Amino acid sequence: YQRRVRGTHKDQTVFFLNAFWPELQSEADNIFKNFQQVLDLDRQMWNALPEGKRSETYAPVTDLDEFYAHKLLEMNGMTMTVIEFRNEFKKIDLNFDKRMGMIEFLLYKYKQSVKVLLERPQGTNELLIKAQKALDEAQAEIARIEKEKGDLEKASEGEGVKARTAKAALAALLSADQTELNKKLMTAEATVRKARKEPGDSPQGQLWWIEREITEAKKYKPKSVK
């Protein structure tokens, strides 16, 4: 359990979905929404740290502190006073570290047990590993585009030749066809389709998750903040 709760937010969520797919597949969209909420709160938590106490660049951690855990509960209709929260948090914080991982939140929200979570088979499918790799490459391409966009936005501030050149490059980036990204997403989609046809005990939660992340990635188009 300790190893699982120390995984990334995504790894914890997919592990939970695989285990409880028979009971909770209809909740998959809500669980994905919870995952996105946690990512947002994770960044807020980093932003709230004094500059001397946080890393130079943002990197997500694996859990939320009590303040942001309380916020997550409130975002999901579980409003409670500070005293009520502290009492409930004793039930949520299964490893007693005063923090809340995605697994702990989902076990609490859906009233499931650690024992069943760890007993349930996760399933295996080699094609899903390949699909995830293709998706990772697509998401890395999105991150590359976003970094280039940020650098160009910064360089385009002000006047002068360099700023005008950066503005032109930014406009080209924002209007460009994302051929490389689309190619990577098509590879991931094709591999997932093959994985669905594979005989055996495939991890249904992971299958759903990769398909959902592909759907989200296909919506991506770089936009200027200005």
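What counts and what doesn't
Residues numbered from 1 in each chain as written. Predicted model: local features only at pLDDT ≥ 70, side-chain atom pairs only at ≥ 80, totals over all residues. Heavy atoms only, no water. Core = buried A, V, L, I, M, F, W, Y, C linked by side-chain atoms within 4.5 Å. Buried < 20%, exposed > 50% of the residue type's maximum accessible area, 1.4 Å probe, protein only. Helix = DSSP H or I, 4+ residues; strand = E, 2+ residues; numbered from the N terminus. Contact = heavy atoms within 4.5 Å. Phe/Tyr/Trp six-rings, centres within 6.5 Å; stacked < 30°, edge-to-face > 60°. Lys NZ or Arg CZ within 6 Å of the ring centre and 35° of its normal. Axes fitted to C-alpha atoms, helices over the stretch in contact; angles between N-to-C directions. Parallel < 35°, antiparallel > 145°, perpendicular 65-115°, else oblique. Left-handed = near helix turned anticlockwise from the far one by under 90°. Nonpolar A, V, L, I, M, F, W, Y, C, P; charged D, E, K, R; others polar.

### Things to note about the nonpolar core
1) Next: Core analysis: the biggest nonpolar cluster contains 35 residues, and Phe 16 and Leu 117 have the highest contact counts within it.
2) Next: Among the secondary structure elements, those contributing two or more residues to this core are α2 (9-19), α3 (21-24), α4 (28-48), α5 (66-75), α6 (82-92), α7 (102-109) and α12 (204-218).
3) Next: If one sorts the elements of this core by residue count, α4 sits on top with seven residues.
4) Next: Apart from residues lying up to four places away in sequence, Leu 117 is in contact with Phe 15, Phe 16, Ala 19, Phe 20, Ile 103 and Leu 107.
5) Next: Grouped together as the second largest cluster of nonpolar side chains are 23 residues, Leu 152, Leu 170, Leu 185 and Ala 188 included.

### Focus on the environment of Arg 193
1) Next: Relative to the assigned elements, Arg 193 resides in helix α11 (residues 179-197).
2) Next: Once the C-alpha coordinates of Arg 193 and Leu 207 are considered, the two residues, 14 residues apart in sequence, prove to be 9.6 Å apart.

### A short note on the packing of aromatic side chains
1) Next: For the coordinates displayed, the defined rule picks out 10 aromatic pairs.
2) Next: Seen in terms of ring centroids, Phe 16 and Phe 20 are 4.9 Å apart; in terms of plane orientation they differ by 50°. Their pairing is tilted.
3) Next: Judged by its relative accessible area of 0%, Phe 20 falls in the buried class.
4) Next: Sitting above the plane of the Trp 46 ring, Arg 54 keeps its charged end 4.3 Å from the centroid.

### With respect to the packing of helix α9 (residues 126-155) against α12
1) Next: The contact between α9 and α12 brings their axes to 11 Å, and the two run at 25°. In terms of their interaxial angle, α9 and α12 are classed as roughly parallel. The handedness of the crossing between α9 and α12 comes out as left-handed. Contact residues: Leu 128, Ala 131, Gln 132, Leu 135, Gln 139 and Ile 142 in α9; Gln 206, Leu 207, Ile 210, Glu 213, Ile 214 and Ala 217 in α12.
2) Next: Considering only residue class, the contact of α9 with α12 consists of eight nonpolar, three polar and one charged.

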